[in-house]
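Spelled out from the first residue to the last, the chains are:
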Amino acid sequence: ISAPGHCTPLQGVHAVSSVARTAMWCCANRKPAQTVGADGTNVGDGDTVQDRSLVEDTAVAEEPAQKSQEVQGEEEAPKKKTKSILQRAMEREEQLKKVYFGILCVDEGSWSEEVKIIESDAGTMRWARCKGVTRETLASPELDEAACKAIGDCYKVLNDLNGCALSGVSADLGQLWLKHHRAVRRIIGQGVPVYLSPIVQLPMISACFKSFEDTLLVTWDPKSESDEMKKAFVEDSQLEVADMERLDILGIDTKDPKWTNFLQWSASEEEHHELGKHLCSLITEKVEKVNTASKKDHLIKAVILTTSLSSLSVYVRDHLSMPVFDVSTLLRFFKSGRAASYYNDVSVLARLQQKMRPSKDSDAVSRKATEKLGLIQLDYSFPSTFGDLEFPGTFGFKTIAEVVKGLYFELAQAGSFEPAILEEMQNVIQDLEAQGVMGLTGNCGFMMHYQCFARHVAKVPVFMSSLIQASTLAAAINPEERVLILTANSESLAPGKDKLLRDSGINVSDSDRFVILGLQTLDGFDAVANAERVDTIRVQNALSKFIPEVIEQENAKPGLGRIAMILMECTELPHFADGLRQVTGLPVFDAVTLVNYFYIATASKNWNTKVYTPHNVAFWNKSFKKSGTKVDFASIAKEASGKA
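Keep in mind that this is a model prediction, so the values were computed, not measured. (Residues numbered from 1 in each chain as written. Predicted model: local features only at pLDDT ≥ 70, side-chain atom pairs only at ≥ 80, totals over all residues. Heavy atoms only, no water.)

A. Fine view of the nonpolar core. Leu104, Trp177, Val218, Trp259, Leu279, Ile283 and Leu309 are the most contacted members of the largest nonpolar core, which totals 138 residues. Val539, Leu543, Cys570 and Leu580 belong to the second-largest nonpolar core, a separate cluster that totals 27 residues. (Core = buried A, V, L, I, M, F, W, Y, C linked by side-chain atoms within 4.5 Å. Buried < 20%, exposed > 50% of the residue type's maximum accessible area, 1.4 Å probe, protein only.)

Right, here's the structure in full:
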């Protein structure tokens, strides 16, 4: 823990630090029946204190046979040492949490500071104005030399502040900045992701809902002006045309006097509250107008707030019965690529310290007890470990798992659409939704083949594959930079599968943006295909040697950009994410970061299925019986493989 940059996950009894050994001892001595804490959350990573011995120094824990009197006589020293260890864990976790984002702003507003600092769950946001860059400047087709210099100077101020470099860059009026996405990335240069608008989240959001369900973008200025900018969005930010066609827009008039003080950063707390309620009423009116009972498709299922409206998202998220995405969810997503995992030894011990402190927040306990994720499992048994989606300690909330009987590993790998399998999967989805899950995912990367079908059947968002993150990652890096995708078997992403993946909102066939690397020959990784326990230390060591070598080779290829991010497709890989973050220095994304992304965007009260209405009621009634049984699974199989 004391080592700078150390964030290696627990890998076994050979972990080198006493802190890691202590945490591992906690996990090894936990009773299986106690994997869920009193508050309903998963505590399988050892973050529940069952007695004081679990947080004592390793030397004490390894000598349970000592006489009671001897233990009592030395009680004070171990406790003091334990406190020191936990304090170091807390301090290290706080250090790992320190992430800085720069927000480029137009040159307006009454705030006097050169840089405005705002602390948030996403990290520290530094807001600064680009001198001379106005709305009119951004409305022009191209940025002139003066504007480019002003943006560069502003970025330098933000990046150099207090000697703490930025982890990413966004902007205040996203829809105006986004048309200059390519130019701003060129000004800032390589190494720092640029996501000028929360709209770059759209590919991930669209992929998780049905192909004829829409997302509402709440932004500034009339809808007609925003509609005209859609083409620029696509051309300059590399967003898919199909995604933009599923984007409805609510434009807020900046000339409305209600918003004057807000835009000038001078609104009082009371004004802020009233504007939050006003924004909720505007969005509700828009949603009710679109989501009429007679409408068959293109219902609004999610909301994106532009950057400067993100401070009001707490009102909107609490008011609406749908996920709300903003700059905070965007920045927290990219932060997760660099942060220590929930099951990291530092995170585990920090939570141990917190658990030892009595909590009077009964509401928090009840909220956590209702937060559930639905996990669709293969008919395939293998020992799970830290980071696996079914492992009790991977998330900070409950996972409810059900097996699709007959869906064996080989069938999922082949993308089988046998009617019996689809019928069983539909039954599993309905069972999970009946238990109040907020979303659905799968425990195998090959579940990506069933993204379309699951979206047809489910009411809640579906994120069956971590590859859903691919387009958003690509939109955040320079056009010449690339994403390294790690998969259990590279044949699973062969060109023949491309149409099915694209229909699922997944596009990774562009070799100029994505490097697909199969790990089927990696030392120790053959245990995955054989349904055997993975020797995590052996695989971690192999990955730590192999992946940096691959990155070095790829970066040396002439005419191709560097590897800027890593995306793990296989659900067996999240266990090794922290190790790769350490040895490569790159952000690493996986199935866990994807699930947590939707968890953050969904208000606690909406962790249920009642808030999501079925898509295309005519299709639903025609294709499903009242009991929910599919009328003709052969036809839906054909439809799912032909179009989303």
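Moving on from the model shown.
B. Quick look at the pairing of strand S2 (residues 116-120). Where S2 and strand S3 (residues 123-129) come together, five bridges link them in antiparallel fashion. Bridging from a neighbouring strand, Lys116 pairs with Trp127 of S3. Hairpin remark: S2 followed by S3, antiparallel, with two residues in the connecting loop. (Pairing = 2+ DSSP bridges. Helix = DSSP H or I, 4+ residues; strand = E, 2+ residues; numbered from the N terminus.)

C. Fine view of the side chain of Lys116. Along the polypeptide, Lys116 turns up in strand S2. Classification of Lys116 by relative accessible area gives buried; the value is 14%. Here Glu113 takes part through its side chain, which lies 3.4 Å from a polar atom of the side chain of Lys116. Dropping the residues within four chain positions of it, Lys116 is found in contact with Trp111, Met125, Arg126, Trp127 and Trp265. (Polar contact = N/O pair within 3.5 Å; in protein donor to acceptor, adjacent residues only side chain to side chain. Contact = heavy atoms within 4.5 Å.)

D. Main features of the sheet that holds S2. Here we have four strands laid out as an open sheet, ordered S2-S3-S1-S4, and mixed in their pairing. Edge strands, defined here as strands with exactly one partner in the open sheet, are S2 and strand S4 (168-171). For this sheet, the mean angle separating the axes of adjacent strands, direction not counted, is 25°. Relative to S4, strand S1 (residues 100-105) runs parallel, the two sharing four bridges. Looking across to S4, one finds that Ile103 is bridged to Ser170. (Axes fitted to C-alpha atoms, helices over the stretch in contact; angles between N-to-C directions.)

E. Representation of the packing of helix H6 (residues 145-160) against helix H8 (residues 181-188). H8 packs onto H6 with a crossing angle of 55° between their chain directions and a minimal axis gap of 9 Å. It follows from the interaxial angle that H6 and H8 lie oblique. Considering the relative orientation of H6 and H8, their crossing is right-handed. Within the contact between the two elements, H6 uses Cys148, Ile151, Gly152 and Tyr155 and H8 uses Val184, Ile187 and Ile188. Tallied by class, residues from the contact of H6 with H8 come to six nonpolar, one polar and no charged. (Parallel < 35°, antiparallel > 145°, perpendicular 65-115°, else oblique. Left-handed = near helix turned anticlockwise from the far one by under 90°. Nonpolar A, V, L, I, M, F, W, Y, C, P; charged D, E, K, R; others polar.)

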